[in-house]
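Close look at the chain arrangement
Listed below, chain by chain, are the residues.
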Amino acid sequence: MEFFNSALGKNISFVRPAYFIISGFIGIPYIKYYYVFLFFVYIIGVLGNTIVMAVIYLDHNLRTPKYVAVFNLAFVDLFGSSALVPKVLDMFLFNHRYVPYSDCLVFLFFCYTSLSMQSLNLVILCYDRLVAITYPLHYQMKITNRFMLNLIFSVWIFVIIAVLIAVGLLTRLSLCRSVVINSYFCDHGQIYRLACNDYSPSDIIGYVLIVLILWLPLLFILLSYIYIGYALTKVATMQERFKAFKTCTAHLSLVAIYFIPILITFTMGSNIGFNARIINLSLTSIIPPMLNPIIYVLQTQEIKDALKKLFKIRGQSKITIKK
């Protein structure tokens, strides 16, 4: 009963600070140059993801289930980086480190929603490749635009509900140990550890979300590619195997970019320094949204062809106007 009383807050008054102080980096000279670097990475990511979304929207040949998922990934990258980077720059470049309590929870919600969607969107793209390669004759029947839209919508609902539960449990804590959050944003784990009442519900939901959002997606992706590799061994010629595997290279690149830095951080645990942890996690939040559109443009022939077609149409329209 004590567990549920702590979580639900029945007949309990809570201590909520007026604001939090986001610590950021400690003792690093010229760190503002790092934030300037984040700004340029953010701008490149915004331009790249906007271009990918525009190309998919304008080219009717790209309105397929796979590119519905790619469009959603570009949207999530744009949404996530825009939720994080401008606020981080405002806090540390312009020294606005005092974040009101309610604003911090909203900031946390948007950051964790986007990070969770990035991970689960990689699962969606993996499932698309799994069915396309292992069941090529049934792909168009199983993976339709309607199915993909329903799947993406369901994942969004799941993530929003899960993050709302985590945020809701934070509101049931008396945060009286400190107002300093030792991170570069309103970090869930750092906030609930400031509580002076029982924070076990938040601790449990934190571990559950890590399993659901990080480890299970990674496990699914690894098992899927093992099965894809097994299925490709049955393909008659090496050329056909290479052609089929080539359709997965863009997705595998995205998986590596997203998961490897996170795995390094969690594997090293307390052995990684405070500043190194912030650098690693901040780059994990901002580098994938920049690289994802570049990878899809460079490694996906359909997007290359769509871009060429759009530039060709634009060039022809300019010539017509001049005439």
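Residues numbered from 1 in each chain as written. Predicted model: local features only at pLDDT ≥ 70, side-chain atom pairs only at ≥ 80, totals over all residues. Heavy atoms only, no water.

**Some remarks on the state of the cysteines**
Enumeration according to the criterion identifies 2 disulfides in this entry. Sequence-ordered numbering of the bonded cysteines in the chain yields a pairing of 1-3, 2-4. The closest cysteine sulfur to the non-disulfide-bonded Cys-248 is located on Cys-126, 8.1 Å from its own sulfur. (Disulfide = S-S within 2.5 Å.)

**So, the nonpolar core**
By size, the foremost hydrophobic cluster in this structure holds 89 residues, and its most contacted members are Tyr-35 and Ile-191. Excluding residues within four positions of it along the chain, Tyr-35 makes contact with Phe-25, Val-88, Leu-89, Phe-92 and Leu-93. (Core = buried A, V, L, I, M, F, W, Y, C linked by side-chain atoms within 4.5 Å. Buried < 20%, exposed > 50% of the residue type's maximum accessible area, 1.4 Å probe, protein only. Contact = heavy atoms within 4.5 Å.)

**Re helix H3 (residues 65–92)**
Count 3.6 residues to each turn of an α-helix, and residues three or four apart come out pointing the same way. The terminal C-alpha atoms of H3 lie 41 Å apart, and with 28 residues this matches the ideal 40 Å at 1.5 Å per residue to within 8%. Counting buried residues in H3 gives 20 out of 28 residues, a clear majority hidden from the surface. (Helix = DSSP H or I, 4+ residues; strand = E, 2+ residues; numbered from the N terminus. Expected span 1.5 Å × (residues − 1).)

**Some details on the sheet that holds strand S2 (residues 98–100)**
The strands making up a sheet are joined through hydrogen bonds of the backbone, oriented either antiparallel or parallel. Spatially, 3 strands are ordered S2-S1-S3 in an open sheet, and the strand pairing comes out mixed. Unpaired on one side and paired on the other, S2 and strand S3 (180–181) mark the two borders of the sheet. Relative to S3, strand S1 (residues 19–22) runs parallel, the two being bridged by 2 bridges. From the neighbouring strand, Ile-21 faces S3, where its bridge partner is Val-180. Relative to the sheet, helix H4 (residues 101–134) contacts S1, S2 and S3, its axis offset from that of S2 by approximately 90°. (Pairing = 2+ DSSP bridges. Axes fitted to C-alpha atoms, helices over the stretch in contact; angles between N-to-C directions.)

**Re the side chain of Arg-129**
Summarising the element assignment, Arg-129 is placed in helix H4. Residue class for Arg-129 comes out buried when judged on its relative accessible area of 10%. Excluding residues within four positions of it along the chain, Arg-129 makes contact with Lys-66, Tyr-139, Tyr-225, Ile-228, Thr-247 and Cys-248.

**A look at the layout of surface pockets**
Approximately 460 Å³ is the volume attributed to the second largest pocket. Forming the walls of the second largest pocket are 22 residues, and the residues nearest its centre are Lys-66, Tyr-67, Thr-247, Thr-300 and Glu-302. Elements with a minimum of two residues in the lining of the second largest pocket: H3, H4, helix H9 (238–246), helix H10 (249–268), helix H11 (274–299) and helix H12 (301–322). Residues of the lining of the second largest pocket, tallied by class, amount to 8 nonpolar, 8 polar and 6 charged. (1 Å grid on protein atoms, 1.4 Å probe; cavity = no way out; pocket = protein on both sides within 12 Å on 5 of 7 lines; lining within 4 Å. Points joined across faces, edges and corners; volume = space filled by probe spheres on them. Nonpolar A, V, L, I, M, F, W, Y, C, P; charged D, E, K, R; others polar.)

**Describing the environment of Tyr-135**
Here Tyr-135 lies in the loop between H4 and helix H5 (139–142). Given a relative accessible area of 37%, Tyr-135 falls into the partly exposed group. With 102 residues separating them along the chain, Tyr-135 and Tyr-33 place their C-alpha atoms 50 Å apart. Residue contacts for Tyr-135: discarding those within four places in its chain leaves Leu-130, Lys-142 and Tyr-227.

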